[in-house]
Amino acid sequence: MYTRIFSKAKRLENTNYDIRGPLLEEAENLIKQNHKILKLNIGNTAPFDLLPPEEMVLFFQKNILKSFGYTESKGIPEARLAILQNYQRRRLTNLNIENIFIGNGVSDLIEIICKAFLNKGDELLVGIPDYPLWTSTVKTFGKVVHYLCDENSSWLPDIRDIKRKITPKTKGIVIIPFNNPTGAVYPKDILEQIIKIAREHQLAIFSDEIYDKIIYDTHESISIASLAEDVLFVTLNGLSKAYRLPGWRCGWAVFSGKTDIATGFIQGVKELCDQKLGANAPGQIVVQSALGGYQSIFDLTKVGGRLHTQRDLGYKLLSQIPGISCVKPKSALYFFPKIDVKKFNIKSDEQFLLDFLKEKQVLLTAGKGFNWPQPDHFRIVFLPHVDELKDALGRLKDFLEHYKQK
Ligand SMILES: Cc1ncc(COP(=O)(O)O)c(C=O)c1O
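Residues numbered from 1 in each chain as written. Predicted model: local features only at pLDDT ≥ 70, side-chain atom pairs only at ≥ 80, totals over all residues. Heavy atoms only, no water.

Trainee: Where do I start with the side chain of glutamine 284 in this structure?
Mentor: For glutamine 284, the position within the fold is in helix H9 (residues 281–285). Among the residues examined, glutamine 284 registers a relative accessible area of 1% and is labelled buried. Sequence-distant contacts of glutamine 284, defined by excluding residues within four places in its chain, comprise Thr71, Gly75, Ile76, Ala79, Ile102, Cys250 and Ala279. (Helix = DSSP H or I, 4+ residues; strand = E, 2+ residues; numbered from the N terminus. Buried < 20%, exposed > 50% of the residue type's maximum accessible area, 1.4 Å probe, protein only. Contact = heavy atoms within 4.5 Å.)

Trainee: What am I meant to see in the environment of leucine 203 here?
Mentor: Checked against the element boundaries, leucine 203 lands in the loop between helix H7 (188–201) and strand S7 (204–208). By relative accessible area, leucine 203 is classed as buried at 6%. For the pair leucine 203 and leucine 124, spaced 79 residues apart in the sequence, the C-alpha separation amounts to 9.2 Å.

Trainee: What should I look at first to understand the pairing of strand S4 (residues 143–150) in this one?
Mentor: On a regular strand, one side chain projects to one face of the sheet and the next to the other, so that they alternate. With six bridges connecting them, strand S3 (residues 123–128) and S4 associate as parallel partners. Residue leucine 125 lies in a different strand from S4, and its bridge partner there is valine 145. Tracing the backbone out of S3, into helix H5 (residues 132–141) and back to the parallel element S4 gives a crossover that is right-handed. Pairing between S4 and strand S5 (residues 156–157): two bridges, direction antiparallel. Along S5, the bridge assignment pairs aspartate 150 with leucine 156. (Pairing = 2+ DSSP bridges. Right-handed = clockwise from strand over helix to strand, strands pointing away.)

Trainee: Sorry, what's going on with the nonpolar core here?
Mentor: With 140 residues, the main nonpolar core has Trp134, Phe206, Leu239, Phe265, Phe352, Leu396 and Leu400 as its most contacted residues. Considering every element that reaches this core, the biggest residue donor is helix H4 (residues 105–117), with seven residues. Here this core spans two domains, and each of domain 1 (10–51 + 299–402) and domain 2 (68–292) adds at least three residues to it. Among residues more than four places away in sequence, those in contact with phenylalanine 352 are Ile339, Ile346, Phe378, Leu396, Phe399, Leu400, Tyr403 and Gln405. (Core = buried A, V, L, I, M, F, W, Y, C linked by side-chain atoms within 4.5 Å. Domains from an automatic or database assignment.)

Trainee: Can you walk me through the packing of helix H1 (residues 22–32) against helix H14 (residues 349–360) in this structure?
Mentor: A pair of packed helices is captured by two measures, namely the crossing angle of their axes and the spacing between those axes. The geometry of H1 relative to H14 is characterised by a closest axis approach of 10 Å and an angle of 15° between their N-to-C directions. Between H1 and H14, the angle is such that the two are roughly parallel. When the axes of H1 and H14 are compared, the crossing they make is right-handed. Residue-level inspection shows Pro22, Leu23, Glu26, Ala27 and Leu30 of H1 in contact with H14, the latter providing Glu350, Leu353, Leu354, Leu357 and Lys358. Across the contact of H1 with H14, the residue classes tally to seven nonpolar, no polar and three charged. (Axes fitted to C-alpha atoms, helices over the stretch in contact; angles between N-to-C directions. Parallel < 35°, antiparallel > 145°, perpendicular 65-115°, else oblique. Left-handed = near helix turned anticlockwise from the far one by under 90°. Nonpolar A, V, L, I, M, F, W, Y, C, P; charged D, E, K, R; others polar.)

Trainee: Help me out: how do you make sense of the packing of H4 against helix H8 (residues 263–276) in this one?
Mentor: Where H4 meets H8, the closest approach of the two axes is 9 Å, and the angle between their N-to-C directions is 130°. With respect to their mutual orientation, H4 and H8 come out oblique. When the axes of H4 and H8 are compared, the crossing they make is right-handed. Where H4 approaches H8, its residues Asp108, Ile112, Ile113, Lys115, Ala116 and Phe117 are matched on the opposing element by Phe265, Gly268, Val269, Leu272, Cys273 and Lys276. Considering only residue class, the contact of H4 with H8 consists of eight nonpolar, one polar and three charged.

Trainee: So what exactly am I meant to see when it comes to the side chain of glutamate 151 here?
Mentor: Inspection of the secondary structure assignment puts glutamate 151 in the loop between S4 and S5. Although buried, glutamate 151 forms no salt bridge, and the nearest oppositely charged side chain, lysine 338, lies 4.4 Å from it. Side-chain polar atoms of glutamate 151 contact the side chain of histidine 377, separated by 2.9 Å. Not counting chain neighbours up to four residues away, the residues in contact with glutamate 151 comprise Val327, Lys338 and His377. (Lys, Arg positive; Asp, Glu negative; His and termini not counted. Salt bridge = Lys/Arg side-chain N within 4 Å of Asp/Glu carboxyl O. Polar contact = N/O pair within 3.5 Å; in protein donor to acceptor, adjacent residues only side chain to side chain.)

Trainee: Just to check I follow, could you spell out the packing of aromatic side chains for this structure?
Mentor: For any pair of aromatic rings, the description consists of the separation of the ring centres together with the inter-plane angle of the planes. Applying the stated criterion across every chain yields a total of 18 aromatic pairs. Ring centres of phenylalanine 206 and phenylalanine 265 lie 6.3 Å apart, and the angle between their planes is 65°; this geometry places the pair in the edge-to-face category. On the criterion of sequence distance, the pair formed by phenylalanine 206 in strand S7 and phenylalanine 265 in helix H8 is long-range, its members being 59 residues apart. The class of phenylalanine 265 is buried, set by a relative accessible area of 9%. Geometrically, the ring pair formed by phenylalanine 352 and phenylalanine 378 is edge-to-face, given 5.4 Å between the ring centres and 80° between the ring planes. Within this pair, whereas phenylalanine 352 is found in helix H14, its partner phenylalanine 378 is found in strand S15 (residues 378–381), the two being separated by 26 residues in sequence. Note on phenylalanine 378: relative accessible area 0%, which makes it buried. Members of the aromatic cluster, joined through ring pairs, are Phe101, Phe117, Phe206, Phe255 and Phe265. (Phe/Tyr/Trp six-rings, centres within 6.5 Å; stacked < 30°, edge-to-face > 60°.)

Trainee: How should I be thinking about the environment of serine 226 in this particular structure?
Mentor: Along the polypeptide, serine 226 turns up in the loop between S7 and strand S8 (232–238). Counting along the chain gives 183 residues from serine 226 to glycine 43, while the straight-line C-alpha distance between them is 27 Å. When sequence neighbours within four positions are dropped, the list of residues in contact with serine 226 reads Arg90, Arg91 and Leu92. At 2.7 Å, the side chain of serine 226 forms a polar contact with the backbone oxygen of serine 223.

Written out as structure tokens, the structure is:
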């Protein structure tokens with residue numbers, strides 16, 4: 001007879017990942033009761049017919065026999081060479097193939113990096129609204145300190161707030177310069193100011209660039225690591241978004257710039273990769289064909305391309321809903337609108353979205369899921385085709401015509 005209870009480990013107590021949280025649970029319950037739910041909670045390309053480039057799939061089919069075994073723990077050399085060459089073209093400095101690591105998606109590498117980098121009490125600066133895995137993982141191994149990304153400045157990092165938050169324990173700063181959930185694109189002067197702070201306070205810069213090719217209009221895609229040689233950079237990217245292959249779980253982390261101060265950290269990352277016996281092989285096999293081949297993502301993001309059209313339509317429809325305002329996304333796959341909490345008496349963003357889900361069968365993510373402290377924001381994925389997107393935003397408009405939170 002057991003008298004003990006197995007609880008969740010204490011280190012997980014304050015972590016969350018609400019993109020797949022309680023709202024999704026409620027959606028699954030509704031699906032069991034035969035409701036059709038439109039899931040706009042996650043940037044998953046496949047359910048919306050955004051498929052990977054055909055030549056990548058053909059290349060994989062021809063090379064499938066090579067994907068049955070464990071790979072080198074840092075990743076297969078052909079893939080790492082293609083990644084190295086990609087970042088040579090983007091003008092990163094001090095690149096070395098030995099300092100490039102492939103993992104099971106950026107998600108996996110965030111954990112590996114935080115585990116190898118942070119001791120208890122070490123602080124890492126993370127911008128809010130955040131991609132919540134960063135906050136959760138930093139909390140697991142060290143201490144997260146949030147800095148503000150300011151909606152009034154197109155969601156750019158508030159440099160003064162970053163400076164205010166630095167303490168003797170600050171070890172690094174995380175940026176998502178092509179941002180989820182806000183769609184901000186960080187311009188060169190902001191990136192340079194972040195570098196200046198890192199230089200002054202001896203910080204490492206972690207740049208999660210998974211949307212670096214999903215940029216609209218004429219906004220520039222600049223890798224922060226191309227702007228200095230004397231600061232340590234870790235750049236993260238992968239196949240999930242631009243190459244529409246989230247299911248193959250393939251991402252990479254690239255050390256550049258002042259790598260000579262990080263030999264111990266890099267060794268730690270290598271040891272963790274060794275312990276994992278290498279990343280998922282199918283994803284690695286197609287990296288070379290992804291990075292070297294035709295970049296069909298630009299057909300989707302250009303004027304008239306599918307993603308561009310969906311972004312424009314969604315933005316127009318959102319702007320027509322009384323009580324909703326939104327900074328137009330310049331990158332990525334999401335709207336992060338503001339809702340007038342007084343007008344709708346909203347005290348809880350999660351409750352608002354729960355009520356919307358139950359009445360209109362559309363699943364969205366609350367701002368709380370991105371560690372946003374007020375209940376006045378939520379995220380909408382704009383991956384659906386225009387008809388479906390129009391329908392979803394029409395349902396939001398109808399709902400808000402009568403909604404008042406109890
Ligand atoms: C900013 C950001 N980083 C990382 C990830 C996860 O990437 P991956 O699929 O490579 O694990 C996502 C997924 O949405 C993301 O938005």
